[in-house]
Amino acid sequence: MPTPELNLIANTRLDGLAQPVRVIAVAGGKGGVGKTTVSVNLAMALARHGRRVVLLDGDLGLANADVFLGLSPRYTLAHVLSGERTLDEVLIEAPQGFQVIPAASGAADLAQMGAAQHLGLVRAFNTLAARLDVLLVDTAAGLNHSVLQFSQAAQHVIIVICDEPASLTDAYALVKVLSRNHGVSRFQLLANRTRMAGTGAELFERFERVTARFLDVVLDFAGEIPDDEYLHRAVRGQRAVLEEYPQSPAALAFKKLAARADTWPVPPGPRGNIEFFVERLVRRPAARLEAVR
Ligand SMILES: Nc1ncnc2c1ncn2[C@@H]1O[C@H](COP(=O)(O)OP(=O)(O)OP(=O)(O)O)[C@@H](O)[C@H]1O
Ligand SMILES: [Mg+2]
């Protein structure tokens, strides 16, 4: 016998089928490769491109998105999960033209959610979906549970790599676990901190050669972001490079990346739907979601 909450979940899902939202997770495996830098600047570049963007900060670390943007959040996604605040109360308007959902204590909470909280989250994102084109998720370093959950839930996973052995091995480990255990088979590889034009493509090819031998995945080259002192300066000033130095090499590269990301196809049908994201986010082995369906 379905509980009232489960009925509500089913109805909520039907209500929200209208609007496809592009959901992009930014991951990388290794710490410090530029995931937050990419998330923040891609968010701004997409906003400039005319898209309504929300950046969900999925990293609890210290150098997270609100710090990069000079924001002081009062609430986080955890308050939404606990029912203390609505998603609208938690959202912060960044001066760069998009909104931010500050970090919550992540996946541990998501995995423990009961049906009522699950419903709350689906509803919260449903309301958001009507005024949203792109949901970007900045993830933490490493292979922890939240990184895997956010990545499996997104439609597109950007893997940020740079030309360092540790970055490549960590990115490989992440791609491997996502493909083998979480059903993610396609990745957008972004080369960061390149020192010469064209070296990003070489790095991509090197990475692809290894994955092609051992993993069953499709990799796309998303482009390269040059190592740029202007970007570094912008980060120190808690600004996006796109607003401080719009003509800098990094800013131009982010514009290019945004234009490209904007053409990545949003899967038709339920996969392009925001509550699909929430469902995959909270998915844990079978039983409960079978009941939801
Ligand atoms: N293209 C670039 N040019 C110059 N500096 C860069 C570039 N990309 C990143 N950085 C610098 O590298 C540092 C780390 O970047 P960032 O915090 O974005 O990495 P991260 O992957 O999010 O790290 P963490 O794993 O700790 O979350 C920042 O100080 C940033 O200024
Ligand atoms: Mg970060």
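The coordinates are above.
Here we summarise the structure given alongside this text.

**With respect to the packing of helix H9 (residues 165–181) against helix H10 (residues 199–214)**
Reasoning step 1: At a minimum axis separation of 11 Å, H9 and H10 run at an interaxial angle of 40°. Judged on the interaxial angle alone, H10 and H9 are oblique. Judged by the sense of rotation from one axis to the other, the crossing of H9 with H10 is right-handed. Contacts between H9 and H10 involve Leu168, Ala171, Tyr172, Val175 and Arg180 on the former and, on the latter, Leu203, Arg206, Phe207, Val210, Thr211 and Phe214.
Reasoning step 2: Looking at the contact of H9 with H10, its residues break down into eight nonpolar, one polar and two charged.

**What about the pattern of salt bridges?**
Reasoning step 1: Scanning all chains against the criterion turns up 13 salt bridges.
Reasoning step 2: Between Asp133 and Arg52 there is a salt bridge, with its nearest N and O atoms 3.1 Å apart. Of this pair, Asp133 sits in the loop between helix H7 (115–129) and strand E5 (134–139) while Arg52 sits in the loop between helix H2 (35–48) and strand E2 (53–58), placing them 81 residues apart in sequence.
Reasoning step 3: Across the pair Glu89 and Arg85 runs a salt bridge, and its minimum N-O distance is 3.8 Å.
Reasoning step 4: With a relative accessible area of 31%, Arg85 lands in the partly exposed category.

**Looking at the environment of Asp138**
Reasoning step 1: Looking at the secondary structure, you find Asp138 in strand E5.
Reasoning step 2: Among the residues examined, Asp138 registers a relative accessible area of 0% and is labelled buried.
Reasoning step 3: In contact with Asp138, not counting residues within four places along its chain, are Val26, Lys35, Thr36, Ser39, Leu55, Leu56, Asp57, Gly58, Asp59 and Ala65.
Reasoning step 4: Looking at Asp138, its side chain comes within polar contact range of the side chain of Thr36, at 2.8 Å.
Reasoning step 5: A polar atom in the side chain of Asp138 sits 3.5 Å from the side chain of Ser39.

**A short note on helix H11 (residues 229–236)**
Reasoning step 1: The N-cap residue of H11 is Asp228: its side-chain oxygen and the backbone nitrogen of Tyr230 are 2.8 Å apart.
Reasoning step 2: Immediately beyond the C-terminal end of H11, within one or two residues, lies Gln238, with a positive phi of roughly 55°.

**As for the sheet that holds strand E1 (residues 22–27)**
Strand pairing in a sheet takes place through backbone hydrogen bonds and is either antiparallel or parallel in direction.
Reasoning step 1: Taken together, eight strands build an open sheet; the order of strands is E3-E4-E2-E5-E1-E6-E7-E8 and the sheet is mixed. Two strands lie at the open edges of the sheet, namely strand E3 (92–94) and strand E8 (218–226), each paired on one side alone. Going across the sheet, the axis of each strand differs from the next one's by a mean of 25°, ignoring polarity.
Reasoning step 2: Set on the sheet, helix H8 (residues 145–153) makes contact with E1, E2, E5 and strand E6 (156–161); between it and E1 the angle comes to about 150°.

**Notes on the site of ligand 1**
Reasoning step 1: The local shell around ligand 1 holds 19 residues, among which Gly34, Lys35, Thr36, Thr37 and Pro226 are the closest.
Reasoning step 2: Between Pro226 and ligand 1, the recorded distance is 2.9 Å, taken from a backbone N or O atom to a nitrogen atom.
Reasoning step 3: Take His232: an N or O atom from its side chain is 3.1 Å from an oxygen atom of ligand 1.
Reasoning step 4: Relative to its unbound accessible surface of 630 Å², ligand 1 loses 84% to contact with the protein.
Reasoning step 5: Going through the elements one at a time, H2, strand E7 (186–194), E8 and H11 are the ones with two or more residues in the shell around ligand 1.

What counts and what doesn't
Every residue gets a number counted from 1 within its own chain, in the order that chain's sequence is written. Labels follow written order: the first chain is A, the first ligand is 1, and so on. At least 70 in pLDDT is required for a residue's local features to be given in this predicted model, at least 80 for side-chain atom pairs to be given and counted, and no such filter applies to totals for whole chains, interfaces and linings, which use all residues. The side-chain quantities take in all heavy atoms of the structure and omit both hydrogens and water. Think of each axis as a best-fit line through the C-alpha atoms, taken over the contacting stretch in the case of a helix, with angles from 0 to 180 degrees between the N-to-C directions. Runs of H or I in DSSP of at least four residues are treated as helices and runs of E of at least two as strands, each being numbered from the N terminus. Roughly parallel covers angles under 35 degrees, roughly antiparallel covers those over 145, roughly perpendicular covers 65 to 115, and oblique covers all other angles. Should the near helix be turned anticlockwise from the far one by less than a right angle, the crossing is termed left-handed; should it be turned clockwise, right-handed. Contacts are residue-level and defined by heavy atoms, with any inter-residue pair within 4.5 Å sufficient. Three residue categories are used. Nonpolar comprises Ala, Val, Leu, Ile, Met, Phe, Trp, Tyr, Cys and Pro, charged comprises Asp, Glu, Lys and Arg, and polar comprises the others, including Gly. Note on definitions: salt bridges are taken to be side-chain nitrogens of Lys or Arg within 4 Å of carboxyl oxygens of Asp or Glu. Each residue is placed in one exposure class: buried if its accessible area under a 1.4 Å probe, protein chains only, is under 20% of its type's maximum, exposed if it is over 50%, and partly exposed if it falls in between. Whenever a nitrogen or oxygen atom comes within 3.5 Å of another N or O atom, the pair is scored as a polar contact, on the condition that within protein one atom can donate a hydrogen and the other can accept it, and that pairs from neighbouring residues in sequence are kept only if both atoms are in side chains. A strand pair is defined by DSSP finding two or more bridges across the two strands. Here a residue is near a molecule or strand as soon as one of its heavy atoms is found within 4 Å of it. For accessible areas, the Shrake-Rupley method is used with a probe of radius 1.4 Å. Any residue's cover is judged against the shown protein chains and nothing else.

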